[in-house]
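Results of the structural survey
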Amino acid sequence: MSVVYKAKTFDLSGLSGITDATLAMHFKLYEGYVANTNLLNEQIAELSSGEITPKVMPVYSELTRRLGFEYNGMVLHEWYFGNMKNGGSGDPAKESAFHKAAEASFGSYENWKKNFVTVGKMRGVGWAATYHDPVTGNLSNHWINLHETGNVAGFAPILIMDVWEHAFIRDYAPAERPKYIEAFFSNIDWAACDDRLARGGAARPIGK
Ligand SMILES: [Fe+2]
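Residues numbered from 1 in each chain as written. Predicted model: local features only at pLDDT ≥ 70, side-chain atom pairs only at ≥ 80, totals over all residues. Heavy atoms only, no water.

1. Describing the overall build of the chain
- The helix and strand inventory of the chain stands at 6 helices and 3 strands.
- Counted from the first residue to the last, the chain has its helices and strands arranged as α-α-α-α-β-β-β-α-α.
- For a compact globule of 208 residues, the expected C-alpha radius of gyration is about 17 Å, and the chain comes in at 18 Å, within 12% of that figure.
- Over its C-alpha atoms, taken along the principal directions, the chain stretches across nearly 60 × 40 × 30 Å.
- The long-range share in the chain, meaning contacts at least 24 apart out of those at least 6 apart in sequence, stands at 68%.
- Accessible surface for the chain amounts to roughly 10,500 Å². Of this, 56% is attributable to carbon and sulfur atoms.
- Positive and negative side-chain charges of the chain, numbering 20 and 23 respectively, have mean locations separated by a distance of 1 Å. (Helix = DSSP H or I, 4+ residues; strand = E, 2+ residues; numbered from the N terminus. Rg over C-alpha atoms; globule rule 2.2 N^0.38 Å. Contact = heavy atoms within 4.5 Å. Areas by Shrake-Rupley, 256 points an atom, 1.4 Å probe, with all protein chains shown as cover. Lys, Arg positive; Asp, Glu negative; His and termini not counted. Charge placed at Lys NZ, Arg CZ, Asp CG, Glu CD.)

See below:
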């Protein structure tokens with residue numbers, strides 16, 4: 001019996017530079033990933049209850065391949081919404097766990113930020129992610145294509161930024177992604193990032 005996922009809610013009204021209209025549309029998209037994850041699990045369970053004949057195998061395979069897209073579409077949005085808050089503070093405090101980890105991994109917080117922002121400006125749609133390697137303690141920045149390519153197995157997501165155009169197209173022109181990235185930074189909930197670091201990513205993201 002597979003888990004039935006429920007869409008979480010996030011109280012993000014009044015963000016700086018990311019309008020409530022954008023958020024409302026984005027929450028709907030996120031809910032679509034939750035629904036499709038459940039639907040895929042249901043369909044796979046139904047197929048699995050019978051014999052997987054050679055005729056059924058292509059259908060079973062295609063459904064299973066789609067899990068990576070739908071699951072990551074669901075979870076990455078939860079990490080993303082969960083690392084923003086109304087009244088974010090721009091850069092993290094120098095004594096914060098994130099600031100210290102960025103310094104240890106990149107030489108300085110500024111170097112980490114430059115690297116992360118550059119990843120976020122890459123052409124194409126996807127995500128910029130800062131991961132924590134639980135073995136070495138190192139932070140590293142990654143590009144995630146669509147939702148499923150580029151995630152690192154076993155690494156913990158610490159900061160996730162959606163750079164699909166739907167994340168900002170109502171507020172900025174497609175070429176104005178840097179302005180959206182600036183707005184995203186002004187809304188980061190650094191306490192959430194510190195919490196994720198402390199828990200090694202084991203906790204489910206913030207949200208109800
Ligand atoms: Fe998105």
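2. Looking at the coordination of the iron ion
- Around the iron ion, the protein contributes the donor atoms H26 (NE2), H77 (NE2), D162 (OD) and H166 (NE2), at 1.9 to 2.1 Å from the metal centre.
- Viewed at the metal, the 4 donor atoms of the iron ion are separated by angles of 88 to 136°, and the geometry they form is irregular.
- Coordination of the iron ion draws on donor residues from a single chain, spaced H-x50-H-x84-D-x3-H in sequence. Residue D162 shares its accessibility class with H166, and that shared class is buried. (Donors = N, O, S within 2.8 Å, 3.2 Å for Na, K, Ca; no water. Tetrahedral: all angles 85-135°; square planar, octahedral: opposite > 155°, others 65-115°. Buried < 20%, exposed > 50% of the residue type's maximum accessible area, 1.4 Å probe, protein only.)

3. Let's talk about the environment of F185
- Within the secondary structure, F185 sits in helix α5 (residues 177–186).
- In this structure the C-alpha to C-alpha distance between F185 and G88, which are 97 residues apart in sequence, comes to 8.0 Å.
- In this structure F185 touches G90, Y109, W112, K113, F116, V117 and W190, once residues within four positions along its chain are discounted.

4. Some words on the pairing of strand β3 (residues 156–162)
- Summarising burial for β3: 7 of the 7 residues are buried, a large majority.
- The sheet contact formed by strand β1 (residues 126–132) and β3 spans 6 bridges and is antiparallel. Pairing of W127 across the sheet is with D162, part of β3. (Pairing = 2+ DSSP bridges.)

5. With respect to helix α1 (residues 20–48)
- The first and last C-alpha atoms of α1 sit 42 Å apart over 29 residues, in line with the 42 Å expected at 1.5 Å per residue.
- Restricting attention to buried positions, one finds in α1 the residues T22, L23, H26, F27, Y30, Y33, V34, T37, N38, L40, N41 and I44. (Expected span 1.5 Å × (residues − 1).)

6. Some remarks on the packing of α1 against helix α2 (residues 57–82)
- For the pair α1 and α2, the least separation of the axes is 8 Å and the interaxial angle reads 150°. Seen along the crossing, α1 lies across α2 with a hand that is left-handed.
- Here the contact of α1 with α2 is built from residues that sort into 17 nonpolar, 9 polar and 3 charged. (Axes fitted to C-alpha atoms, helices over the stretch in contact; angles between N-to-C directions. Left-handed = near helix turned anticlockwise from the far one by under 90°. Nonpolar A, V, L, I, M, F, W, Y, C, P; charged D, E, K, R; others polar.)

7. Focus: helix α6 (residues 190–199)
- Buried within α6 we find W190, A192, C193, R196 and L197. Seen end-on, α6 carries its buried residues on one side only, within an arc spanning 155°. Of the exposed residues in α6, those oriented more than 90 degrees away from the buried face are A191 and A198.
- Where α6 ends, the next residue or the one after it, G200, has phi of about 60°, a positive value. (Arc of directions from axis to C-beta.)

8. Focus on the pairing of β1
- Burial within β1 is extensive, with 7 of its 7 residues counted as buried.
- Here β1 pairs with strand β2 (residues 139–145) via 7 bridges, running antiparallel. Looking at the pairing, T130 lines up with N141 of β2.
- Connecting the antiparallel pair β1 and β2 is a turn made up of 6 residues, with G137 showing a positive phi of about 80°.

9. A few points about the sheet that holds β2
- Read from one edge of the open sheet, 3 strands run β2-β1-β3, paired in antiparallel fashion. Where the open sheet ends on each side, the last strands, each with one partner, are β2 and β3. For this sheet, the mean angle separating the axes of adjacent strands, direction not counted, is 25°.
- Taken strand by strand, helix α3 (residues 97–106) contacts β1, β2 and β3, and its axis lies near 90° from that of β2.

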